[in-house]
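# Geometric and topological summary
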Amino acid sequence: MRVSNIANINDMDGLTLGSNPPLVNGQDRNHDWIQRLIIDNPIIILSKKECFISHAMRRLLTAVGAQPSVIELDESESELGSVLPVLFVGGVKIGGLDGLVGLHLTGELVPKLVHAGAIQSF
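Residues numbered from 1 in each chain as written. Predicted model: local features only at pLDDT ≥ 70, side-chain atom pairs only at ≥ 80, totals over all residues. Heavy atoms only, no water.

## A few points about the overall build of the protein chain
Definition in use: Per the convention used, a helix needs a DSSP run of H or I reaching at least four residues, while a strand needs a run of E reaching at least two, with both numbered from the N terminus. Here, two residues are considered to be in contact whenever any of their heavy atoms come within 4.5 Å of each other. Surface accessibility in these figures is a Shrake-Rupley result with a 1.4 Å probe; residues are shielded only by whichever protein chains are displayed.
For the protein chain, the helix and strand inventory stands at 4 helices and 7 strands. Along the protein chain, from the amino end to the carboxyl end, the secondary structure elements read β-β-β-α-β-α-β-β-β-α-α. Long-range pairs, those at least 24 residues apart, make up 66% of the contacts in the protein chain between residues at least 6 apart in sequence. Taken as a whole, the protein chain presents about 7,000 Å² of accessible surface, with 50% of it coming from carbon and sulfur.

Shown next, in the form of structure tokens:
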């Protein structure tokens, strides 16, 4: 896993990710860990390793002043593998590059980022 813009991510509640994720009460702790990241970060991109689409998403977001956290997951670390990359703003799923560009073209992106606390208002 590769992480950008998130401090001490591997120490969060003692969780570490590997090929055999830990189970708690029969459930995958990685799923809970990812959900916590989505809720705790104003803007986050979940991506496959070295994904050019997530790179384009990050470039667009930085162009409007946001600093997204990017989590690069191995396919074994997430059941989201087939729908990556995916953007969350303020804990709400925006979708992939098409959703991000759609918000940008309609003028809805910046207000969503401001509301989530990801950027200051212009």
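## Remarks on the environment of Ser 47
For clarity, the threshold we go by: The buried label goes to any residue with under 20% of its type's maximum accessible area, the exposed label to any with over 50%, and the partly exposed label to all in between, with areas taken from a 1.4 Å probe on protein chains only. Think of a polar contact as two N or O atoms within 3.5 Å of one another; within protein, one of them needs to be a possible hydrogen donor and the other a possible acceptor, and neighboring residues in sequence only count if both atoms come from side chains.
Examined against the element boundaries, Ser 47 turns out to sit in strand S4 (residues 43-48). Owing to a relative accessible area of 0%, Ser 47 belongs among the buried residues under this scheme. For the pair Ser 47 and Ile 71, spaced 24 residues apart in sequence, the C-alpha to C-alpha distance is 6.0 Å. Discounting chain neighbours no more than four positions away, the residues touching Ser 47 are Ser 54, Ile 71, Glu 72, Leu 73, Leu 84 and Pro 85. In this structure the side chain of Ser 47 is engaged in a polar contact, spanning 3.0 Å, whose partner is the side chain of Ser 54.

## With respect to the nonpolar core
Condition: The criterion is simple. A nonpolar core is a set of buried Ala, Val, Leu, Ile, Met, Phe, Trp, Tyr and Cys residues joined through side-chain atoms within 4.5 Å.
Core analysis: the biggest nonpolar cluster contains 17 residues, and Ile 43, Leu 61, Leu 87, Leu 100, Leu 109 and Leu 113 have the highest contact counts within it. Elements with a minimum of two residues in this core: S4, helix H2 (52-63), strand S6 (86-89), helix H3 (97-105) and helix H4 (109-116). A total of 3 residues in this core trace back to one element, the largest contributor, which is H2. Once you skip the residues sitting within four places of it in the chain, Leu 100 turns out to touch Met 57, Leu 60, Leu 61, Leu 87, Ile 94 and Leu 109.

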